[in-house]
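Notes for the structure review
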Amino acid sequence: MTLLPRSLRGRLIVLTVIVEVVMISAILWNSQRLAETHLLQQFELRRAETSRLMRAALAPAMAQHDYAAISEILNDARQLQGMSYLVMFDDEDRRIASASASELPGQSAVEFLSGLPEDSSRMDFHIAMEIEGRHYGELLIGLDLHFLNTARRDILTQNILLALFGILLTTGVLTAIALWLTRHLSALSNASRALAQGERFSPLPSGDNDDIGRVVTAFNAMATALNARMVELEAAELTQRELAERLLYMAESDPLTGLANRARFSAELERALEHVHRGPEYHGALLYFDIDEFKTINDTFGHRAGDNVLLRAANTIGKIVRADEMLARLGGDEFVILAPGADRAGAQALAERIVNAVRSIAFDFSGHQLGLTISLGIALFPEHGDSSENIVSHADAAMYQAKSSGKNCWRIYRPDLDDSEQMLHQLGWNDRIQRALDERRLVLHFQGIHSVRTGTVAHYEALVRMIDPDSPDSLLMPCKFIPAAEKSGRILDIDRWVISDAIRVLAEEPDLPALAINISARSFGEPGLAELIRSKLAAFEVEPQRLIVELTETAALANIHDAETFMDDLHRLGCTVCLDDFGVGFSSFAYLKQLPADVLKIDGMFIRNLADDPSDQVFVRAIVEVARGLGKKTVAEFVGSARTLEILRGLGVDYAQGYYLSHPEAVIQTG
Ligand code: C2E
Ligand code: MG
Ligand code: MG
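What counts as what
- Residues numbered from 1 in each chain as written.
- Chains lettered and ligands numbered in written order.
- Predicted model: local features only at pLDDT ≥ 70, side-chain atom pairs only at ≥ 80, totals over all residues.
- Heavy atoms only, no water.
- Phe/Tyr/Trp six-rings, centres within 6.5 Å; stacked < 30°, edge-to-face > 60°.
- Helix = DSSP H or I, 4+ residues; strand = E, 2+ residues; numbered from the N terminus.
- Buried < 20%, exposed > 50% of the residue type's maximum accessible area, 1.4 Å probe, protein only.
- Lys NZ or Arg CZ within 6 Å of the ring centre and 35° of its normal.
- Pairing = 2+ DSSP bridges.
- Axes fitted to C-alpha atoms, helices over the stretch in contact; angles between N-to-C directions.
- Contact = heavy atoms within 4.5 Å.
- Core = buried A, V, L, I, M, F, W, Y, C linked by side-chain atoms within 4.5 Å.
- 1 Å grid on protein atoms, 1.4 Å probe; cavity = no way out; pocket = protein on both sides within 12 Å on 5 of 7 lines; lining within 4 Å.
- Points joined across faces, edges and corners; volume = space filled by probe spheres on them.
- Nonpolar A, V, L, I, M, F, W, Y, C, P; charged D, E, K, R; others polar.
- Salt bridge = Lys/Arg side-chain N within 4 Å of Asp/Glu carboxyl O.
- Donors = N, O, S within 2.8 Å, 3.2 Å for Na, K, Ca; no water.
- Domains from an automatic or database assignment.
- Near = heavy atom within 4 Å.
- Polar contact = N/O pair within 3.5 Å; in protein donor to acceptor, adjacent residues only side chain to side chain.

A word on the packing of aromatic side chains
Per the stated rule, a full pass over the model turns up five aromatic pairs. Ring centres of Tyr85 and Phe112 lie 5.2 Å apart, and the angle between their planes is 65°; on these two criteria the pair is classed as edge-to-face. Highlighted residues: Tyr85 in strand β1 (residues 83-90) and Phe112 in helix α3 (residues 109-115), separated in sequence by 27 residues. Taken individually, Tyr85 and Phe112 each receive the classification buried, so the pair is uniform in this respect. Between Phe606 and Phe619 the ring centres are 4.5 Å apart and the planes differ by 10°, which places this aromatic pair in the stacked class. You can see Phe606 sitting in helix α20 (residues 604-607) and its partner Phe619 sitting in helix α21 (residues 614-629), a full 13 residues away along the chain. Phe619 sits in the buried class, given a relative accessible area of 3%. Pairwise contacts between aromatic rings join Tyr85, Phe89 and Phe112 into one cluster. One cation-aromatic arrangement involves Arg47 over Phe125; the distance from NZ or CZ to the ring centre is 5.2 Å. Its end group placed over the ring of Phe363, Arg312 keeps NZ or CZ at 4.9 Å from the ring centre.

Have a look at this one:
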């Protein structure tokens, strides 16, 4: 069997040809045998005939000893076809007559027979000359068998030619039939081989609805499924790599501008300061700046315009910064440049170039031509401090000095101005927050958190706003006052107010399933906060499970011990805990074990461009899988389009919040 070809069609052809050859050989052999038998019969007949004729013609002449007549008859008979010789012997064994083309040996029959040359193409036989039982002599005849052999050879040749023709013809026809019958099978085997080698599969034409057609259909289904798995596998391989790269990138970069982030900057600053202790030749500068009136731009022209401003500024400044200096975005509109080795003059020259470069950026906001400016503060090390906190806060203070000098300029840190400037700035906000609390100018707005599956509101998030004392119709957004409140500690008062007001709303709206509130990182460590929540819930007779508390993930990670304790306290009360802005921290996943949150609210930076960014999808999928595995629910914020919602549905996210579904409103629409 090893000599047979490997393919089915090859084996089929070889086997049928073998059978064919055996069959035709058998037929050939048989017809040859029949032809030979027939020839021999003919020959025997002829011999018997000749014997009878010769005896009839010659026996009477022998009886009468008429040797002349005998000689004549023998000569006549010699003329017949196939007669080699004829010799007559009388009853005393004497040769009395003969006819032959050549000389014949011997005078007696015995001598004659022993002297006759051997010839296989001749047959010798004798005829007894007898009349009524009396013996007169013997006639010996040599019959030439040449014609018999020629006939035999001719038949054989013709048979062989016919057989060869038959074999060729049937082999051709059988091959064609085998090829036709096995065409689907060989297409299948080619396709399987291609698939095994990892080539892309395109379905085979399934053809008829016979057995092979059904096999082809089944094969197509299997191969398509296999192909899909292969594509998925490739994609998964790719996305895992992307995920790792993304995690690494995120650990060190600001997602909007691609600049170094606060973590990376802090590490670099620490490294630069390590050298400071080694000697006076080690020094440098920190430039700290933000964009003047950035919040106004954001509020007036929207987040997109705000993002554009940040990107343009980052790009312009990035071109000025040297390779050994580092430009980083700390958050919001705050940037820093770390310039190791720079002295006072160098830092001032750099600051001047940057302020001028930003001033030359022209912006067109919905038809309004606006210029961009920054205020920049410089702190030198080790002159203005040798710890990173000192350097950063002094550069920050210098920036406020620049702002109070009318913005659009830079200032180098001056200790004599510091306290008064910063106090003034903070005092301004302290005072304004206190007044807002006293004058009841804080209000809550409510934004729906929708079920991704049904689209209906599952609960609301309460978001604080401050009514502007100067124009009571306009509201100050939390980004305006929460950062200042967090710096000054006033945030505790705001959070306390939000807790009371939200629980009051829950009591007034019994149909409202639940309300989420935001608690600032500064408040976690406050021992009385959980107790305040408990007493308010009790006083207003609100079920604790209707209150959801959102803590931002970064705040929780920065203060993990307090966050853990606070979350445990909230759980003991029966409240639900949500980690807000989840995914921003590099170690989000690692810390999930420690932070007993019930809900993860996936940060808007993964959702905003979800439809166009496959790596965001990979990230969200990973978060959903981890959340599911740990029995937590997921919320996506910043859902801005139907397409985003559809993708979230596909990824299995539980809830969605965003302008596509609903905006924050002053009143809750229940029932
Ligand atoms: P957050 O808790 O992540 O709240 C979501 C913010 O995103 C809200 O802004 C909301 O209005 C906004 N938002 C929701 N959907 C979309 C969208 O599709 N597109 C865009 N562009 N924005 C969307 P808001 O109200 O300005 O709040 C900003 C942040 O201020 C909050 O982020 C939260 O960290 C803080 N905050 C708000 N209210 C309070 C509060 O009562 N107490 C404390 N401590 N912080 C608060
Ligand atoms: Mg929130
Ligand atoms: Mg958020």
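Quick look at the sheet that holds strand β4 (residues 134-144)
The antiparallel open sheet is built from four strands, whose spatial order is β2-β1-β4-β3. With one partner strand each, in any of the chains shown, β2 (95-100) and β3 (122-131) form the two edges of the open sheet. Averaged over all adjacent pairs, the angle separating strand axes in this sheet is 15°, with direction ignored. Examined bridge by bridge, β1 and β2 share five bridges and lie antiparallel to one another. Paired with Leu86 across the strands is Ala99, a residue of β2. The sheet contacts of helix α2 (residues 67-78) involve β1, β2 and β4, and relative to β2 the element is tilted by about 20°.

As for the nonpolar core
Ranked by size, the top nonpolar core spans 78 residues in total, and within it Phe566 and Val620 carry the most contacts. Setting aside residues up to four positions removed in sequence, Val620 forms contacts with Ile602, Phe606, Ile607, Leu610, Leu648, Leu651 and Val653.

Considerations on the layout of surface pockets
Taking a probe equal in size to a water molecule and rolling it over the atoms shows the remaining empty space. Approximately 320 Å³ is the volume found for the second largest pocket. As for the second largest pocket, its lining consists of Ala235, Ala236, Thr239, Gln240, Leu243, Pro614, Gln617, Val618, Arg621, Ala622 and Glu625. Within the residue set of the lining of the second largest pocket, elements represented by two or more residues are α6 (211-252) and α21. Here the residues of the lining of the second largest pocket are counted per class, giving six nonpolar, three polar and two charged.

Considerations on the pattern of salt bridges
A full pass over the atoms with the stated rule returns 28 salt bridges. We note a salt bridge from Arg94 to Asp90, for which the minimum N-O separation is 2.8 Å. Residue classification places Arg94 among the partly exposed positions, given a relative accessible area of 46%. Residue classification places Asp90 among the buried residues on the basis of a relative accessible area of 6%. Here Arg329 and Asp254 are joined by a salt bridge, their closest N and O atoms 3.0 Å apart. Remark: Asp254 occurs in the loop between α6 and α7 (262-276) and Arg329 occurs in strand β6 (residues 326-331); sequence separation between them is 75 residues. Taken individually, Arg329 and Asp254 each receive the classification buried, so the pair is uniform in this respect.

Let's talk about the coordination of the magnesium ion (ligand 2)
Donor atoms from the polypeptide that coordinate the magnesium ion (ligand 2) comprise Glu461 (OE), Asn518 (OD1), Glu550 (OE) and Asp580 (OD), at 2.1 to 2.3 Å from the metal. Between the two metals, the magnesium ion (ligand 2) and the magnesium ion (ligand 3), the spacing is 4.3 Å, and Asp580 donates to both. With Glu461 in strand β13 (residues 457-467) and Asp580 in strand β17 (residues 576-582), this pair connects stretches of sequence that are 119 residues apart. Judged by its relative accessible area of 5%, Asp580 is buried.

Some details on the domain arrangement of the protein chain
If you check the domain split of the protein chain, you get domain 1 (1-181), domain 2 (262-418) and domain 3 (429-656). Summarising the inter-unit geometry, the C-alpha centres of domain 2 and domain 3 are found 31 Å apart. There are one salt bridge connecting domain 2 and domain 3. One salt bridge connects Arg608 with Asp307, and the closest N-O pair in it is separated by 3.6 Å. Of all elements in the fold, only α8 (294-301) and α11 (388-404) reach the threshold of two or more residues within the side of domain 2 that touches domain 3. In terms of residue class, the side of domain 2 that touches domain 3 is made up of one nonpolar, no polar and four charged.

Things to note about the sheet that holds β6
Pairing is mixed across the open sheet formed by five strands, whose spatial order is β6-β7-β5-β10-β11. Edge strands, defined here as strands with exactly one partner in the open sheet, are β6 and β11 (410-412). Across the sheet, the mean angle from the axis of one strand to that of its neighbour is 20°, orientation sign disregarded. Pairing of β6 with strand β7 (residues 334-340), which is carried by five bridges, proceeds in the antiparallel orientation. By the bridge assignment, Ala328 is partnered in β7 with Val336.

Notes on the site of ligand 1
Inspection of the region around ligand 1 gives 21 residues, with Arg465, Asp495, Asn518, Asp580 and Tyr659 positioned closest. Contact between ligand 1 and Gln447: a nitrogen atom at 3.1 Å from a side-chain N or O atom of the residue. The side chain of Glu637 places a nitrogen or oxygen atom 3.2 Å from an oxygen atom of ligand 1. Elements that contribute at least two residues to the shell around ligand 1 include exactly β13, α13 (478-488), α14 (491-508) and β17. With four residues, β13 is the largest single contributor of residues to the shell around ligand 1. Of the residues contributing to the shell around ligand 1, the split by class is nine nonpolar, five polar and seven charged.

Some details on the coordination of the magnesium ion (ligand 3)
Only Asp580 (OD), Asp581 (OD), Glu637 (OE) and Glu637 (OE) from the protein coordinate the magnesium ion (ligand 3), and they sit 2.1 to 2.6 Å from it. We note that the donor set of the magnesium ion (ligand 3) lies within a single chain, spaced as D-D-x55-E.

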